[in-house]
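Chains, contacts and geometry: an overview
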There are 2 protein chains.
Amino acid sequence: MENKSGFVAPLERLAEQFKKLPGIGKKSAYRLAYHVLDYSDAQAQSFADAILDAKRLICRCSVCQNISDSEVCSICSQAKRNKNLICLVEDPRDVAAIEKLGEFDGVYHVLGGVLSPLDGKGPDKLKIPELLKRIEVLRKENGDEYEIEVIAATNPNVEGEATAMYISRLLKPLGVKVTRLAKGIPVGGDLEYADDVTLFKAIEGRVEM
Amino acid sequence: MENKSGFVAPLERLAEQFKKLPGIGKKSAYRLAYHVLDYSDAQAQSFADAILDAKRLICRCSVCQNISDSEVCSICSQAKRNKNLICLVEDPRDVAAIEKLGEFDGVYHVLGGVLSPLDGKGPDKLKIPELLKRIEVLRKENGDEYEIEVIAATNPNVEGEATAMYISRLLKPLGVKVTRLAKGIPVGGDLEYADDVTLFKAIEGRVEM
């Protein structure tokens, strides 16, 4: 934005950092950098600390692989959660979206992505071994008394469907019930503007009233 | 975004920090926070350092009050700049905008805002004393040989106009030429969509071809 004669290196470096964030272009990056320049020393320090703390204090829950600030996350350590109902999601954002509802009383398993052979992302790059081990442990604890259900809640796109299918084939032989989220017209949506595949899925999955 | 059960404090704190930035809402703040979570330790450290460095290393140029990483900024210390042509702007962003052109060969003076009595921003809150002192020093250096011109380049809104007018009244008795940026139809703009005041100014300020 500034040419050589107006160069203030620390400002440029800060704008560079903002520009690396998703959805932030060159103009916005400078706007944010100028904004931080008006911060008090304490405010700037809190911002810097928040970034470092996020990296330093956040780890993966040893059970569900979700982000956590303790060895077992706050969801997995809740006694009232149904440990035999596992919602399998792509990343921590999906957990946040479902938790916001406050309706789901099961637990989660965060895959850390989806299968994508073209990007070199095979099953070994996802938290699938951890899922299998987790189910094995559950089986030992429960005996065959309780049914284990895994909701394959990957996104309804090509990679998400393939990943759900792959995992379903792994889990069904183990006697695990695998389900998938319903597809159809979004609530408040409009039949007229629904795409063909969605409309077809909505008809196919129709329910009796 | 996450309810109590999904609470990961360091992530929340980072999202809070992003939410304080202009134009970043709750959803974007979380998106950015999750993005930073994927940073390597070194990347997070550079980001944090950039914030602290911007505060620590950037000061005000002792001549023009623009942001600078040295006592006299890179513009004021250029020998080829015409020191008798001072472009008076509201803040450092305006300097960047004009410098980007690469056409202006004068120097700047950054006011640090505009007069706004309702917000308690009187002349003492702006860098007006510094401007008067600067002109006094110039006069001593030059004698009366060179004309000093101040371009009052505050924004063309109520506060900007009032500030320009105030400064013009201060400087004219000192024998300083005070000018104001031309107002008119933006290049590439459309007469049909110009507002009344702009159109009037464009007619009033018409130039012979």
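Description of the structure in this document. (Residues numbered from 1 in each chain as written. Chains lettered and ligands numbered in written order. Predicted model: local features only at pLDDT ≥ 70, side-chain atom pairs only at ≥ 80, totals over all residues. Heavy atoms only, no water.)

**Thoughts on the overall build of chain A**
The test is simple: Secondary structure elements follow DSSP: runs of H or I no shorter than four residues count as helices, runs of E no shorter than two count as strands, and numbering proceeds from the N terminus. Our radius of gyration looks at C-alpha atoms and nothing else; its globule reference is 2.2 Å times the residue count to the power 0.38. Residue burial considers only the protein chains on display, and all accessible areas are found by Shrake-Rupley using a 1.4 Å probe. His is not counted, nor are the chain ends, whereas Lys and Arg count as positive and Asp and Glu as negative. To locate a charge, take NZ of a lysine, CZ of an arginine, CG of an aspartate or CD of a glutamate.
Each helix and strand counted, chain A has seven helices and six strands in total. Each helix and strand of chain A, placed in order from N terminus to C terminus, yields the pattern α-α-α-β-β-β-α-β-α-β-α-β-α. Here chain A has a C-alpha radius of gyration of 22 Å; the compact-globule value for 209 residues is 17 Å, and the former is much larger. Overall size of chain A, expressed as C-alpha extent along the three principal axes, is 70 × 50 × 35 Å. Entry remark: accessible area of chain A is about 11800 Å², with carbon and sulfur atoms responsible for 55%. Taking the average place of the 29 positive charges on the side chains of chain A and the average place of its 32 negative ones, the gap between the two points comes to 5 Å.

**Details of the relation of the copies chain B and chain A**
Here is the rule: The copies are overlaid by a least-squares fit using only the C-alpha atoms of residues whose pLDDT is at least 70 in both copies. Any two residues having at least one pair of non-hydrogen atoms within 4.5 Å are treated as being in contact.
By a simple turn and slide, chain B fits onto chain A: the slide is 0.0 Å along the axis, the RMSD is 0.0 Å, and the turn is 180°. Overall, the copies show the geometry of a two-fold rotation axis. When C-alpha distances to the rotation axis are compared across chain B, the minimum falls at B:A48, with a value of 2.2 Å. Interface overlap between copies: 100% of the residues of chain B at the interface are likewise at the interface in chain A, consistent with a symmetric, same-surface contact.

**Here's the deal with unusual backbone geometry**
Residue and element names in this part refer to chain A. Which entries qualify depends on this criterion: A 1.4 Å probe rolled over the protein chains alone gives each residue an accessible area, and that area as a share of the maximum for its type sets the label: buried under 20%, exposed over 50%, partly exposed in between.
In this structure, Q65 is a non-glycine residue whose phi angle is positive, near 70°. Following the sequence through the fold, Q65 ends up in the loop between β1 (59–60) and β2 (67–68). Residue Q65 is classed as buried on the basis of its relative accessible area of 9%.

**What to know about the interface of chain B and chain A**
Spelled out, the test is: Accessible area that two parts lose when put together, with a 1.4 Å probe and added across both, is what the buried area reports. By definition here, a salt bridge exists when the distance from a side-chain nitrogen of Lys or Arg to a carboxyl oxygen of Asp or Glu is within 4 Å.
With 55 residues of chain B at the contact, the number on the chain A side is 56 residues. Both sides together, the interface formed by chain B and chain A hides about 5200 Å², and carbon and sulfur atoms give 66% of it. Where chain B meets chain A, there are two salt bridges. One salt bridge connects A:R13 with B:D53, and the closest N-O pair in it is separated by 3.8 Å.

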